[in-house]
Amino acid sequence: AQTVTQSQPEMSVQEAETVTLSCTYDTSENNYYLFWYKQPPSRQMILVIRQEAYKQQNATENRFSVNFQKAAKSFSLKISDSQLGDTAMYFCAFLYLYNNNDMRFGAGTRLTVKP
Amino acid sequence: EPEVTQTPSHQVTQMGQEVILRCVPISNHLYFYWYRQILGQKVEFLVSFYNNEISEKSEIFDDQFSVERPDGSNFTLKIRSTKLEDSAMYFCASSDGTLYYNEQFFGPGTRLTVL
């Protein structure tokens, strides 16, 4: 079974600085997707960034980028130039390519951006 | 931009009572999901639904749970006889199935409190 681990329950960062959230996962599969979701307080989860396991290039979306290390089964999220609106819970998630139904989430990291 | 909506935002019920959580997925989406998040724990997959039937369910989704798409817009999760341990946030999600993977869009969640 696939498991996703986020070892940092809480983190904080100063506005405009860079922060990295960690995620590791365990799977015997070779074809899968990894995601970072953001859940602002009292709001729904929204997709931040996606990585296909078959792609070696790390995904980037504006200030958000990932460091995908497939052999190490590591998928960290880097937020550059942190903004107050980045304050949220961040969930790492795994989805097997051939079973697009059962998304596995990590426990989440609560990020606070301080002014 | 279309969003997944859920009602109610908070439901309080007595143990043993039946509850129905409602979701309105994005209108052209074909795949529907329920997840739950017990306070302080990770988001867990419950069930996926496609073409008017369950396509996948987790071990959490026992006989006390059922899902239904009673009309063209709503997608419901019913818990027949609630237990204290059913207290959690319940998230609905939907996807359109046109991408090579099913990107899931989440609703804001319903907080269920069982007393």
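This text goes with the structure placed above it.
Conventions and cut-offs
- Chains are numbered independently. Their residues run from 1 in the order of the written sequence.
- Whichever chain is written first is A, and whichever ligand is written first is 1; the rest continue in order.
- Thresholds applied to this predicted model are a pLDDT of at least 70 for local features of residues and 80 or more for the giving and counting of side-chain atom pairs; totals over whole chains, interfaces and linings are not thresholded and use all residues.
- As a rule here, side-chain values come from all non-hydrogen atoms in the structure, and water together with hydrogens is ignored.
- Only runs of H or I of at least four residues qualify as helices and only runs of E of at least two qualify as strands under DSSP, and these elements are numbered from the N terminus.
- To get the radius of gyration, use the C-alpha atoms; to get the globule rule, take the number of residues to the power 0.38 and multiply by 2.2 Å.
- Each residue gets one of three labels from its accessible area relative to the maximum for its type: buried under 20%, exposed over 50%, partly exposed in between, using a 1.4 Å probe on protein chains only.
- All accessibility values rest on the Shrake-Rupley procedure with a 1.4 Å probe; residue burial counts only the protein chains present in the view.
- His residues and chain termini do not enter the charge count, which takes Lys and Arg as positive and Asp and Glu as negative.
- Where a charge lies is defined by one atom per residue type: Lys uses NZ, Arg uses CZ, Asp uses CG and Glu uses CD.
- Criterion for a disulfide: a pair of cysteine sulfur atoms at a distance within 2.5 Å.
- Just to be clear on terms, a salt bridge is a Lys or Arg side-chain nitrogen sitting within 4 Å of an Asp or Glu carboxyl oxygen.
- By the convention used here, strands pair only if DSSP detects at least 2 bridges between them.
- For this analysis, residues touch if any pair of their heavy atoms sits within 4.5 Å.
- Throughout, the accessible surface (probe 1.4 Å) given up by two parts as they are put together, summed over both, is called the buried area.
- Pairs of N or O atoms within 3.5 Å make up the polar contacts considered here, provided that, within protein, one atom can donate a hydrogen while the other can accept it, and that residues adjacent in sequence are counted only when both atoms are side-chain atoms.
- Charged residues are taken to be Asp, Glu, Lys and Arg, nonpolar residues to be Ala, Val, Leu, Ile, Met, Phe, Trp, Tyr, Cys and Pro, and polar residues to be all remaining types, Gly included.

Examining the overall build of chain B
Okay, so step 1: Scanning chain B from terminus to terminus reveals zero helices and 11 strands.
Okay, so step 2: Listing each helix as α and each strand as β along chain B from the N terminus yields β-β-β-β-β-β-β-β-β-β-β.
Okay, so step 3: Relative to the 2.2 N^0.38 estimate, which gives 13 Å for 115 residues, the radius of gyration of chain B is 13 Å and therefore close to what a compact globule would have.
Okay, so step 4: Counting only C-alpha atoms and orienting by the principal axes, one finds that chain B spans roughly 40 × 30 × 30 Å.
Okay, so step 5: Counting the 115 residues in chain B, one finds 47% classified as buried.
Okay, so step 6: Put simply, chain B shows about 5800 Å² of open surface, and 47% of that area lies on carbon and sulfur atoms.
Okay, so step 7: With 9 positive and 15 negative side-chain charges, chain B shows a spacing of 6 Å between the two charge centroids.

Digging into the state of the cysteines
All names here are of chain A.
Okay, so step 1: For the structure shown, the criterion picks out two disulfides over all chains.
Okay, so step 2: Between the sulfur atoms of Cys23 and its disulfide partner Cys92 the distance amounts to 2.0 Å. As the torsion about the S-S bond is roughly -70°, the Cys23-Cys92 disulfide counts as left-handed. With Cys23 in the loop between β3 (19-21) and β4 (24-26) and Cys92 in strand β10 (residues 88-96), the pair connects residues that are 69 residues apart, well separated along the chain.
Okay, so step 3: The exposure class of Cys92 is buried, given its relative accessible area of 0%.

Observations regarding the pattern of salt bridges
Residue and element names in this part refer to chain A.
Okay, so step 1: One pass over the structure, following the stated rule, counts five salt bridges over all chains.
Okay, so step 2: Ionic pairing is found between Asp26 and Lys73, a salt bridge with its closest N-O pair at 3.9 Å. Remark: Lys73 occurs in the loop between β8 (64-69) and β9 (74-79) and Asp26 occurs in strand β4; sequence separation between them is 47 residues.
Okay, so step 3: Accessibility expressed as a relative area gives 42% for Asp26, which makes it partly exposed.

A few points about the pairing of β10 of chain A
All names here are of chain A.
Okay, so step 1: For β10, the tally of buried residues reaches eight of nine residues, placing the bulk of the element in the interior.
Okay, so step 2: The pairing of strand β5 (residues 32-39) with β10 spans eight bridges and is classified as antiparallel. Along β10, the bridge assignment pairs Tyr32 with Tyr96.
Okay, so step 3: Pairing of β10 with strand β12 (residues 109-114) involves three bridges; the strand directions are antiparallel.

Points about unusual backbone geometry
The phi angle of most residues is negative, glycine excepted, and most peptide bonds adopt the trans form.
Okay, so step 1: Of the consecutive residues Thr7 of chain B and Pro8 of chain B, the connecting peptide bond is found in the cis state with omega at -10°.
Okay, so step 2: If you trace the backbone, Pro8 of chain B turns up in the loop between β1 (5-7) and β2 (10-13).
Okay, so step 3: Residue Asp81 of chain A is not a glycine yet carries a positive backbone phi of 50°.
Okay, so step 4: The topology assignment puts Asp81 of chain A in the loop between β9 and β10.
Okay, so step 5: Look at Asn51 of chain B: it is not a glycine, yet its phi comes out positive at around 55°.
Okay, so step 6: Here Asn51 of chain B is to be found in the loop between β5 (43-50) and β6 (53-57).

Description of the interface of chain B and chain A
Okay, so step 1: Contacts between the two partners involve 22 residues from chain B, matched on the other side by 21 residues from chain A.
Okay, so step 2: Between chain B and chain A lies a buried interface of about 1900 Å² when both sides are counted; carbon and sulfur atoms form 50% of it.
Okay, so step 3: Taken together, the connections running from chain B to chain A amount to two residue pairs in polar contact (both at pLDDT 80 or more).
Okay, so step 4: Taken together, the elements giving at least two residues each to the side of chain B that touches chain A come down to β4 (31-37), β5 and β6 of chain B.
Okay, so step 5: The class makeup of the residues in the side of chain B that touches chain A is 11 nonpolar, seven polar and four charged.

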